[in-house]
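Reading the structure
Each chain is listed here by its residues.
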Amino acid sequence: MPANYSGTWDIVDNPNFEGYMVALGIDFATRKMARMLKPQKVFEQDGDSFIIKTFTTFRNYSCSFKIGEEFEEITKGLDNRKCQTTVNWYNDKLVCLQKGEKKNRGWTHWMEGDTLYLELRCEDQICKQTYERTA
Ligand code: YOG
């Protein structure tokens, strides 16, 4: 039985989101505004099938995938790049690789009780977000 991430999660900490956005090439004005956002994650999971929705007051982003199946991800409304993306289990962690123009790009999710972590990686930058379960 894989871990079950289903639920609603609100951000409580977001160190170095700025560095991650710089690495993605996001312009100053957009970064300034995006730094103020408090993203909410909604996970819909059925075994190895996932929909991860990220909601903010500015933009929303949704990503659907099956574990181990590479897909083309267009990061629409984010940095608008095309990636060949794969997500795998590593024990109960979700480990994502986003192959494309940016080196070392991907993310990892893991849970500890009602706390959800997200490490966002791009080039030499790491942003480690923390979320708390609200539903
Ligand atoms: O999530 O890949 O949970 O898809 C990364 C933002 C700000 C737009 C958010 C809107 C990168 C302006 C998604 C932010 C900054 C700044 C929220 C992270 C880019 C543009 C929609 C992500 C994964 C893992 C699932």
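Please refer to the structure higher up on the page.
Here's what I pulled together on the structure shown here. A quick note: this is a predicted structure, and the numbers were derived from the prediction, not measured.

For the ligand, the set of nearby residues contains 20 residues, the closest of which are Lys41, Arg59, Tyr61, Cys63 and His109. At 2.7 Å, a side-chain N or O of lysine 41 approaches an oxygen atom of the ligand. For the ligand, an oxygen atom lies 2.8 Å from a polar atom in the side chain of histidine 109. Calculation on the ligand without its partners gives an accessible area of 630 Å², and the protein chains cover 97% of this total. Of all the secondary structure elements, the ones that give two or more residues to the shell around the ligand are helix H1 (17-24), strand E3 (49-55), strand E4 (60-66), strand E8 (106-112) and strand E9 (115-122).

Further remarks concern H1. Across the eight residues of H1, six count as buried, placing the element largely inside the fold. Regarding H1, the residues found buried are Phe17, Gly19, Tyr20, Met21, Ala23 and Leu24. Where the residues of H1 are buried, they touch helix H2 (28-34), E9 and strand E10 (125-133). Looking one or two residues beyond H1, the residue adopting positive phi is glycine 25, at roughly 85°.

About the thresholds
- Residues numbered from 1 in each chain as written.
- Predicted model: local features only at pLDDT ≥ 70, side-chain atom pairs only at ≥ 80, totals over all residues.
- Heavy atoms only, no water.
- Near = heavy atom within 4 Å.
- Polar contact = N/O pair within 3.5 Å; in protein donor to acceptor, adjacent residues only side chain to side chain.
- Areas by Shrake-Rupley, 256 points an atom, 1.4 Å probe, with all protein chains shown as cover.
- Helix = DSSP H or I, 4+ residues; strand = E, 2+ residues; numbered from the N terminus.
- Buried < 20%, exposed > 50% of the residue type's maximum accessible area, 1.4 Å probe, protein only.
- Contact = heavy atoms within 4.5 Å.

Geometry only, nothing functional implied.
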